[in-house]
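Below, each chain spelled out in residue letters.
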Amino acid sequence: MPTPTKKYSRLLAAADIHGYKDELSLLLKEANYNPIQDQLILLGDYIDADNPATWGTLDTVRQLAAEGALVLPGNQELRVLAAKEHQPSLPSDILQWLEQLPLYIVEGNFLFVHAGLRPGIPLNKQSAKDLTEIRDDFINQPLAEQDEALAYVIIFGHTPTFKLGAPAGELWVGNRRMAIDTGAKHGCRLSLLDVGQLIRYSCSTAAHSRCGDLRLETLAYQF
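Residues numbered from 1 in each chain as written. Predicted model: local features only at pLDDT ≥ 70, side-chain atom pairs only at ≥ 80, totals over all residues. Heavy atoms only, no water.

Student: Would you explain the overall build of the chain in this entry?
Tutor: Helix and strand counts for the chain stand at six helices and eleven strands. On the principal axes, the C-alpha backbone points of the chain span a range of 45 × 40 × 35 Å. Out of the 223 residues in the chain, the part that is buried amounts to 54%. Contacts spanning at least 24 positions in sequence make up 63% of the contacts within the chain whose residues lie at least 6 apart. Element-wise, carbon and sulfur atoms account for 48% of the exposed surface of the chain, whose accessible area totals about 9900 Å². If you average the places of the 20 positive and of the 27 negative side-chain charges in the chain, the two averages end up 1 Å apart. (Helix = DSSP H or I, 4+ residues; strand = E, 2+ residues; numbered from the N terminus. Buried < 20%, exposed > 50% of the residue type's maximum accessible area, 1.4 Å probe, protein only. Contact = heavy atoms within 4.5 Å. Areas by Shrake-Rupley, 256 points an atom, 1.4 Å probe, with all protein chains shown as cover. Lys, Arg positive; Asp, Glu negative; His and termini not counted. Charge placed at Lys NZ, Arg CZ, Asp CG, Glu CD.)

Student: It is not clear to me how the packing of helix H2 (residues 57–66) against helix H4 (residues 92–99) should be interpreted in this structure. Could you clarify?
Tutor: Axes are the key here: two packed helices are described by the angle between their axes and the distance separating the axes. The N-to-C vectors of H2 and H4 enclose an angle of 60 degrees; their axes lie 12 Å apart at closest approach. The orientation of H2 relative to H4 falls into the category oblique. Where H2 crosses over H4, the handedness of that crossing is left-handed. Side by side, H2 and H4 meet where Leu58, Asp59, Val61, Arg62 and Ala65 of the first sit next to Asp93, Ile94, Trp97 and Leu98 of the second. (Axes fitted to C-alpha atoms, helices over the stretch in contact; angles between N-to-C directions. Parallel < 35°, antiparallel > 145°, perpendicular 65-115°, else oblique. Left-handed = near helix turned anticlockwise from the far one by under 90°.)

Student: It is not clear to me how unusual backbone geometry should be interpreted in this structure. Could you clarify?
Tutor: Most of the time, phi is negative for any residue but glycine, and the peptide bond is trans. Even without glycine at this site, Arg176 takes up a positive phi of about 60 degrees. Within the secondary structure layout, Arg176 lies in the loop between strand S7 (172–174) and strand S8 (177–179). By relative accessible area, Arg176 is classed as partly exposed at 33%. Of note in the backbone geometry, Cys211 takes a positive phi value of approximately 70 degrees without being a glycine. Its location among the elements puts Cys211 in the loop between strand S10 (199–204) and strand S11 (215–218).

Student: Honestly, the nonpolar core in this entry has me stumped. Any pointers?
Tutor: For soluble globular proteins, the rule of thumb is that nonpolar side chains tend to be buried together. Counting residues in hydrophobic clusters, the biggest one holds 34 residues, and the most contacted among them are Leu40, Leu42, Tyr46, Leu58, Leu64 and Leu192. In terms of residues, this core owes the most to one element, H4, which gives four residues. Apart from the residues within four sequence positions on either side, Leu192 is in contact with Leu12, Ala13, Ala14, Leu27, Leu28, Ala31, Leu40, Ile199, Arg200 and Tyr201. (Core = buried A, V, L, I, M, F, W, Y, C linked by side-chain atoms within 4.5 Å.)

Student: What's the story with the pattern of salt bridges in this structure? I'm lost.
Tutor: Pairing is possible between side chains of opposite charge, provided their charged atoms come close. All chains considered together, the criterion is met by twelve salt bridges. Residue Asp137 pairs with Arg118 through a salt bridge whose shortest N-O separation is 3.1 Å. Of this pair, Asp137 sits in helix H6 (residues 136–139) while Arg118 is found in the loop between strand S5 (110–113) and helix H5 (128–133), placing the two residues 19 residues apart along the sequence. Overall, Asp137 belongs to the partly exposed group, its relative accessible area being 33%. (Salt bridge = Lys/Arg side-chain N within 4 Å of Asp/Glu carboxyl O.)

Student: How should H2 be read in this particular structure?
Tutor: Think of an α-helix as 3.6 residues a turn; residues three or four steps apart then line up on the same face. Three or more residues of H2 are buried, namely Thr57, Leu58, Val61 and Leu64. The buried side chains of H2 occupy one side of the element, clustering within an arc of 120 degrees when seen end-on. Opposite the packed face of H2, turned more than 90 degrees from it, sit the exposed residues Asp59 and Ala66. Residues of H2 that are buried in the fold lie against helix H1 (21–30), strand S2 (38–42), strand S3 (70–71), helix H3 (75–82) and H4. Positive backbone phi, approximately 130 degrees, marks Gly68, located one or two places after H2. (Arc of directions from axis to C-beta.)

Student: Which parts of the structure should I look at to understand the packing of aromatic side chains?
Tutor: Geometrically, a pair of aromatic rings is defined through the distance of the ring centres and the angle of the planes. Summed over all chains, the structure comprises three aromatic pairs. Here Phe110 and Phe112 contribute two aromatic rings whose centre-to-centre distance is 6.3 Å and whose plane-to-plane angle is 40 degrees, an arrangement assigned as tilted. Cluster of aromatic residues (ring-pair linked, three or more members): Phe138, Phe156 and Trp172. Lying over the aromatic face of Phe138, Arg177 brings its terminal NZ or CZ to 4.6 Å of the ring centre. (Phe/Tyr/Trp six-rings, centres within 6.5 Å; stacked < 30°, edge-to-face > 60°. Lys NZ or Arg CZ within 6 Å of the ring centre and 35° of its normal.)

Student: Which parts of the structure should I look at to understand the side chain of Glu77?
Tutor: Among the secondary structure elements, Glu77 is positioned in helix H3. Buried and unpaired, Glu77 has Arg79 as its nearest opposite-charge partner, separated by 10.0 Å. Within the structure, Glu77 has its side chain in polar contact with the backbone nitrogen of Tyr46 (distance 2.8 Å). Discounting residues that sit within four places of it in the chain, Glu77 has contacts with Gly44, Asp45, Tyr46, Ile47, Leu58 and Leu98. (Polar contact = N/O pair within 3.5 Å; in protein donor to acceptor, adjacent residues only side chain to side chain.)

Honestly, that's just the spatial picture; any functional story needs more than this.
Structure, rendered in structure tokens:
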């Protein structure tokens, strides 16, 4: 499990890009992202495993990783790995890179994970399936008193926030947890979060307005 070692000005996070690499690039540009000064953490589901047209996003994410971003796999990337012998379109070096990615990242007071974690299980014993696929058992259950994750605000993706009761395209916050999958796959929005300053950069992924309706918002959440 890596933790950022460089000193940085900002901690930025995005999740569930699902092939919308142009939107990701737009938000990083809008945020004036500087890989030398900022720490970017990406939370997985860069692609749709069953849609090869999205796979080029892995090249974008890999380049960001080479520049210093920390990258988690999502369930979509693990699906590709599970069927890698049937993926002739993906170079072996991409597959090898995906295989070595960590399943969660701790930085300061924050724990970043694709889907969540199972209450009552130590972090180092969480299963890859839970870390990349869990939903209700994480979102709807409090952590146990002995859970080391209680020390952190957990930032996760995987479950679109509109399925958690948030307005479509908005973030969701509850019980020291923040969901940042704002429904890019579903034609809502892609979000880039400045974690420390609680500033959100977002844009539309709707078919008729891709990269449109660009917003910068200062949030007022309390964990």
